[in-house]
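Here's the letter readout for the chains.
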Amino acid sequence: MSEPTGTAATVVLFRDSDAGPEVLLLERPTAGSFGGAWVFPGGRVDLEDRVEGEPDAAAAVRAGVRETAEETGLVLRAADLAPLSCWIPPEDIPRRYRTWFFAAKAPAGDIRLNPGELLNHLWLTPSEALDRHRNGLMQLVPPTWVTLHSLASDTSADAALARIAGAEPETYRTRPLTGYEPATVLAWAGDEEYDAAGGASGAAVGGSSAPSSDASPPARHRLVMEKTSWRYERTR
């Protein structure tokens with residue numbers, strides 16, 4: 001199993017609205033990484049973010065603070081960031097960044113986008129963003145989509161942050177599953193086909209797993225993507 005080639009940070013910024021908690025999404029240009037997608041603020045961990053002897057997560061916090069200021073003009077403190085998750089791309093991706101996701105309450109201030117790097121910004125409830133994606137009005141990438149899906153039930157920014165602060169950050173080491181074409185299916189630990197997708201012996205792939213002796217439903221932890229109709233499946 002190969003390790004990622006670098007580290008990055010993403011910050012989910014919350015604010016309250018009459019419709020419920022909103023998050024900040026930024027539109028990337030069509031050229032470059034995540035071309036045309038709407039993403040949370042963030043970017044690569046630079047050398048200036050690192051302190052010798054500290055883990056990657058600590059450098060990612062500093063990168064998250066720095067990138068948020070550079071991309072949006074909003075200034076956070078390191079203590080404002082609550083760890084949310086860690087995403088590791090599939091092994092066939094050329095540039096694989098282990099990306100730490102953090103959550104924070106948005107400070108007061110106007111959004112000032114970094115010219116040339118970003119085209120637009122929107123404050124949306126997670127459900128609104130997912131609806132826009134489903135209707136072809138907003139391009140999302142899987143980590144953003146799954147994160148928005150996980151936030152859709154929170155009733156306020158403070159409630160979301162309290163829940164996140166009280167939970168263990170989850171690691172999503174992504175593996176694609178084959179045999180579901182034309183759909184694209186990504187799986188994570190806990191899915192019954194996850195080990196087979198990683199090369200483990202004795203496991204079936206592509207929906208051909210033998211039924212278990214207790215006839216229990218198959219374990220699922222995956223994202224099924226059919227055009228803009230995406231479905232998150234998790235049995236626990």
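This one's a predicted model, so the numbers in the text were calculated from it and none came from an experiment.

A. Spotlight on the pattern of salt bridges. Under the criterion given, the structure shown has 22 salt bridges. Here Asp46 ties to Arg44 by a salt bridge, and the two come within 3.6 Å at their closest N and O atoms. Overall, the relative accessible area of 47% leaves Arg44 in the partly exposed class. Notably, a salt bridge pairs Glu192 with Arg220, separated by 3.5 Å at the nearest N-O pair. Of this pair, Glu192 sits in the loop between β10 (184-187) and α5 (194-197) while Arg220 sits in the loop between α5 and β11 (221-226), and the two are 28 residues apart along the sequence. Under the relative-accessibility criterion, Glu192 is labelled partly exposed at 32%.

B. How the structure looks around the nonpolar core. Counting 31 residues, the largest nonpolar core has Val12, Phe14, Trp145, Val146, Trp188 and Leu223 as the members making the most contacts within it. Excluding residues that lie within four positions of it along the chain, Val146 makes contacts with Trp87, Tyr172, Trp188, Leu223 and Tyr232. Ranked by size, the runner-up nonpolar core spans 20 residues in total, among them Val11, Leu76, Ile111 and Trp123.

C. Focus on helix α4 (residues 157-165). Of all the residues in α4, the buried ones are Ala157, Ala160, Leu161 and Ile164. Burial along α4 is one-sided: seen end-on, the buried residues are contained in an arc of 95°. Buried residues along α4 sit in contact with β1 (6-15), β5 (82-88), β6 (97-105) and α3 (142-151).

D. Quick peek at the environment of Trp38. Locating Trp38 in the fold gives a position in strand β3 (residues 38-39). Given the relative accessible area of 8%, Trp38 is considered buried. Residues Trp38 and Val224, 186 residues apart in the sequence, show an inter-C-alpha distance of 19 Å.

E. Here's a closer look at the side chain of Thr147. Structurally, Thr147 can be placed in helix α3. What Thr147 contacts, discounting residues up to four positions off in sequence, is Val12, Phe40, Leu84, Trp87 and Phe101.

F. Representation of the sheet that holds β11 in the model. Pairing is antiparallel across the open sheet formed by four strands, whose spatial order is β9-β10-β11-β12. Taken across any chain shown, the strands that pair with only one partner, and hence form the sheet edges, are β9 (175-177) and β12 (229-234). For this sheet the average axis-to-axis angle between neighbouring strands, irrespective of direction, equals 25°. Pairing analysis gives three bridges linking β9 to β10, with the strands arranged antiparallel. If you follow Leu177 over to β10, its bridge partner there is Val185.

G. Structural view of α3. Extensive coverage of α3 is indicated by the burial of seven of its 10 residues. Turning to α3, its buried residues are Pro142, Thr144, Trp145, Val146, Thr147, Leu148 and Leu151.

H. Highlighting the layout of surface pockets. Counted as a void, the largest pocket has a volume near 1100 Å³. Lining of the largest pocket is provided by 37 residues; of these, Ser33, Phe34, Arg95, Tyr97 and Thr99 occupy positions nearest its centre. Counting residues per element, the ones that place at least two in the lining of the largest pocket are β1, β4 (42-44), α1 (56-72), β5, β6 and α3. Residue composition of the lining of the largest pocket, by class: 21 nonpolar, nine polar and seven charged. If you add up the space inside the second largest pocket, you get close to 260 Å³.

Quick notes on the rules
Once a new chain begins, its residue numbering starts again from 1 and follows that chain's sequence as written. In keeping with the predicted nature of the model, local features appear solely for residues at pLDDT of at least 70, side-chain atom pairs appear and are counted solely at 80 or more, and the whole-chain, interface and lining totals rest on all residues. The basis for every side-chain value is the complete set of non-hydrogen atoms in the structure, without hydrogens or water. A pairing counts as a salt bridge when a side-chain nitrogen of Lys or Arg comes within 4 Å of a carboxyl oxygen of Asp or Glu. For every residue, the accessible area (1.4 Å probe, protein chains only) is compared with the maximum for its type, and the residue is labelled buried under 20%, exposed over 50%, or partly exposed between those bounds. A run of H or I in DSSP becomes a helix once it reaches four residues, and a run of E becomes a strand once it reaches two; helices and strands are each numbered from the N terminus. Only buried Ala, Val, Leu, Ile, Met, Phe, Trp, Tyr and Cys residues count toward a nonpolar core, and they belong to the same one when joined by side-chain atoms within 4.5 Å. Two residues form a contact once any of their heavy atoms are found within 4.5 Å. Of all possible arcs, the one meant is that of the directions from the helix axis to the C-beta atoms. Following DSSP output, two strands are said to pair if at least two bridges run between them. The axes are straight lines fitted to the C-alpha atoms, using for helices just the contacting stretch, and the angles between their N-to-C directions are given from 0 to 180°. Put plainly, a pocket is an open set of points on a 1 Å grid over the protein atoms alone with protein on both sides within 12 Å along at least five of seven lines, a cavity is a set where a 1.4 Å probe fits but cannot get out, and a lining residue has an atom within 4 Å of a point. Grid points are joined across faces, edges and corners, and a volume is the space filled by probe spheres set on the points. When residue character is reported, Ala, Val, Leu, Ile, Met, Phe, Trp, Tyr, Cys and Pro are called nonpolar, Asp, Glu, Lys and Arg charged, and the others, Gly included, polar.

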